[in-house]
Amino acid sequence: MMTGKRLVVSALVLALVQIGFLSWIIAGRAAILRNGKEVLLKVEPIDPRDLLRGDYVVLGYEISRLPVKMIANIPPGKFSSDDTMIVVRLRKGADGYWQPMTAWFGKASTPADADEVDIVGHVAEGWDLRGDVTTIAPDYGIERFYLPEGEGVAIQNDMRVRPFGIRLALARDGSAQIKALVDGDRTLFEEPLY
């Protein structure tokens with residue numbers, strides 16, 4: 001009889017731990033969306049459909065292809081990237097979109113000024129770090145935006161003829177969450193907090 005009670009108690013404790021973990025993930029995302037610094041990035045569409053999750057757009061940004069010469073702390077003689085974090089410093093341009101200014105592997109060597117923000121991404125191992133025209137492609141976790149069913153192809157086509165943007169929320173540690181898809185000054189789709 002005691003074994004049955006222990007099993008029930010163990011199952012309840014496990015369920016509470018799982019619920020707590022999921023709540024922590026959701027609350028963390030919501031905190032970034034609610035309190036993060038807002039940044040607008042110009043997007044370049046790539047693909048409009050996922051069979052399991054519905055319509056989406058795969059998004060490319062100016063920060064999606066970074067020139068290697070923009071990375072400030074590449075050690076002399078280093079020929080390829082490690083599997084590492086990258087910090088990209090952004091500054092708001094005259095057109096309202098934020099552009100990359102400089103980047104660092106690991107962490108930034110100086111804090112961002114008041115008119116700048118840092119976004120953190122991931123760089124896979126093996127990117128060539130030699131040459132003035134070489135680029136790398138960091139992953140920031142903001143490369144897909146899911147849309148209501150049937151909206152993806154139309155928006156994809158519109159993105160090819162006029163500029164769209166993604167409004168991001170950036171946490172102090174550089175983590176990013178997509179807040180909204182915008183067409184000029186008009187918000188098309190906004191992410192809910194929960």
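Rules behind the numbers
- In this convention, every chain numbers its residues from 1, walking through the sequence in written order.
- Local features in this predicted model are restricted to residues of pLDDT 70 or higher, and side-chain atom pairs are both shown and tallied only at a pLDDT of 80 or more, whereas totals for entire chains, interfaces and linings draw on every residue.
- Each side-chain value is worked out from all heavy atoms of the structure, with water and hydrogens disregarded.
- Numbering goes from the N terminus for both helices and strands, where a helix is a DSSP run of H or I of at least four residues and a strand is a run of E of at least two.
- Contacts: residue pairs with any heavy atoms within 4.5 Å of one another.
- Only protein chains enter the accessibility calculation, which uses a 1.4 Å probe; a residue is then buried when its area is under 20% of its type maximum, exposed when over 50%, and partly exposed in between.
- Two strands qualify as a pair provided DSSP detects at least 2 bridges between them.
- A fitted line through C-alpha atoms represents every axis, and for helices the fit uses only the stretch in contact; the resulting angles, taken between N-to-C directions, go from 0 to 180 degrees.

Let us now look at the environment of A72. Its place among the elements puts A72 in the loop between strand 4 (66–67) and strand 5 (84–92). Sequence-wise, A72 and S109 are 37 residues apart; in three dimensions their C-alpha atoms are separated by 8.9 Å. In this structure, A72 is in contact with T102, A103 and W104, ignoring residues within four places of it in sequence.

Bringing the environment of A30 into the picture now. Locating A30 in the fold gives a position in helix 1 (residues 2–35). The class of A30 is buried, set by a relative accessible area of 0%. Considered as a pair, A30 and F79 are 49 residues apart in the sequence and their alpha carbons are 39 Å apart.

What follows covers the environment of L59. Summarising the element assignment, L59 is placed in strand 3 (residues 54–60). Spatially, the C-alpha atoms of L59 and V39 are 15 Å apart, while their sequence positions differ by 20 residues.

Two faces belong to every sheet, and in a regular strand the side chains alternate between them. Across four bridges, the pairing between strand 11 (residues 176–183) and strand 12 (residues 186–190) is antiparallel. Bridged to D183 within strand 12 is R186. Between the end of strand 11 and the start of strand 12, which pair antiparallel, lie two residues, with G184 showing a positive phi angle near 70°.

To continue, consider the sheet that holds strand 7 (residues 116–123). The antiparallel open sheet is built from three strands, whose spatial order is 6-5-7. The outermost strands of the open sheet, each flanked by one partner alone, are strand 6 (98–105) and strand 7. Geometrically, the sheet is characterised by an average inter-axis angle of 30° between neighbouring strands, direction not taken into account. Pairing of strand 5 with strand 7 involves eight bridges; the strand directions are antiparallel. Across the sheet, residue V88 finds its bridge partner in strand 7, namely I119.

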